[in-house]
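# A closer look at the structure
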Amino acid sequence: MRYTQLEIAKLRRLPHGWDGGRGAPVHPSLANVAFSIVAAITNRHGLATPQFSPTPDGGLDIVWLVGGNRLTAGLELDELSLYGTWADGQNAFPRFEHRWFDLRRPEFESAIHDARIFLEKISTDIEHQLPVP
Amino acid sequence: VKPDDPDIEDDEILYRYSPSIPHSNWTVTDQETQQVYIAVAALSWDDDGISCYRERVLHDHGLDWPDVKREPRNGVFSLVVQDIRAERLGVAFDPNPETDAPHPRDVAHTLIVNNGTSKKENKPCRERLALRARIIHHGSDE
């Protein structure tokens, strides 16, 4: 989780305009949520590594990718999404998309559970470890 | 937002510069194949679309993909117009947009446009498009 903390902290420090336009650093509230989501999904060693990308309006995407199978957590200022996609484009579990004010804990916990199961499945095909500090 | 411009042919190549962030934050690496893709974050919308540059017009003016870079950290990737249209997005020629820092490459400025879809609706389209992008240059993390 040290790697996750460092990555999120790095994206929190991005300069304004990092995208050549009006890109903002990752919003502090989303940084905290991002850390919690990664911690909830990656509950053991040997799983794929989360990869972090900022979005211009202060959000971020977290992606785990193995053999074309992709788990994505999308954190926007107004909405959270969590979805898994098999390499053939099929959904691995019901797509979770909720506005923050409309977030219901049981549904969120169910999505985290689905994401964890999916991540465990795709992590069995890992052949390459990403360089993490 | 401008509409799709049918005068831009399907086989044309568009170049786009990556954000000025570390390489690992605008790309995603597959942990089985080691294939490196652009992250969908490198295809984020501005108010008018996603800025790119037409290879054909750059060449007509003696320019090429290195001229798309704004600074050393920028990587460059390419997209084929037919891949963009296959995702129900459009391509609109937008030469010489108003800017604080005009550059000769502006003659080739082109926008990927949303064809009326919302940012949320077209995120899956951009995710699939990101898989088809070809990274030409990885830029510098310095």
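First, a word on scope: everything that follows refers to the structure included in this document. What you are looking at is a predicted structure, and each value in this text was computed from that prediction instead of being measured.

### Thoughts on the interface of chain B and chain A
Bring the parts together and some accessible area is lost; that lost area is often taken as the interface size. Counting residues at the interface gives 27 residues for chain B, matched by 35 residues for chain A. Together chain B and chain A conceal approximately 2500 Å² of surface at their shared face, both sides included; 45% is due to carbon and sulfur atoms. Applying the counting criterion to the chain B and chain A interface returns 4 salt bridges. Run the count over chain B and chain A and you get 17 residue pairs in polar contact (both at pLDDT 80 or more). Where the side of chain B that touches chain A is concerned, the elements lending two or more residues are α1 (23–26), β2 (27–29) and α4 (123–132) of chain B.

### Let's talk about the side chain of Lys123(B)
Positionally, Lys123(B) belongs in helix α4. Lys123(B) sits in the buried class, given a relative accessible area of 13%.

### Some points on empty space enclosed by the protein
Per the counting criterion, the structure on display carries 1 cavity of 30 Å³ or more. Its boundaries defined by the atoms lining it, the largest cavity holds a volume of some 100 Å³. Together, 14 residues line the largest cavity, and Val63(A), Arg70(A), Val28(B), Ala39(B) and Val40(B) are the ones closest to its centre. Breaking the lining of the largest cavity down by element, the ones donating at least two residues are β2 (60–66) and β3 (69–75) of chain A together with β3 (36–38) and α4 of chain B. Here the lining of the largest cavity gets 3 residues from one element, more than from any other, and that element is α4(B).

Reading guide: rules and limits
- Residues numbered from 1 in each chain as written.
- Chains lettered and ligands numbered in written order.
- Predicted model: local features only at pLDDT ≥ 70, side-chain atom pairs only at ≥ 80, totals over all residues.
- Heavy atoms only, no water.
- Contact = heavy atoms within 4.5 Å.
- Buried area = accessible area lost by both parts, 1.4 Å probe.
- Salt bridge = Lys/Arg side-chain N within 4 Å of Asp/Glu carboxyl O.
- Polar contact = N/O pair within 3.5 Å; in protein donor to acceptor, adjacent residues only side chain to side chain.
- Helix = DSSP H or I, 4+ residues; strand = E, 2+ residues; numbered from the N terminus.
- Buried < 20%, exposed > 50% of the residue type's maximum accessible area, 1.4 Å probe, protein only.
- 1 Å grid on protein atoms, 1.4 Å probe; cavity = no way out; pocket = protein on both sides within 12 Å on 5 of 7 lines; lining within 4 Å.
- Points joined across faces, edges and corners; volume = space filled by probe spheres on them.

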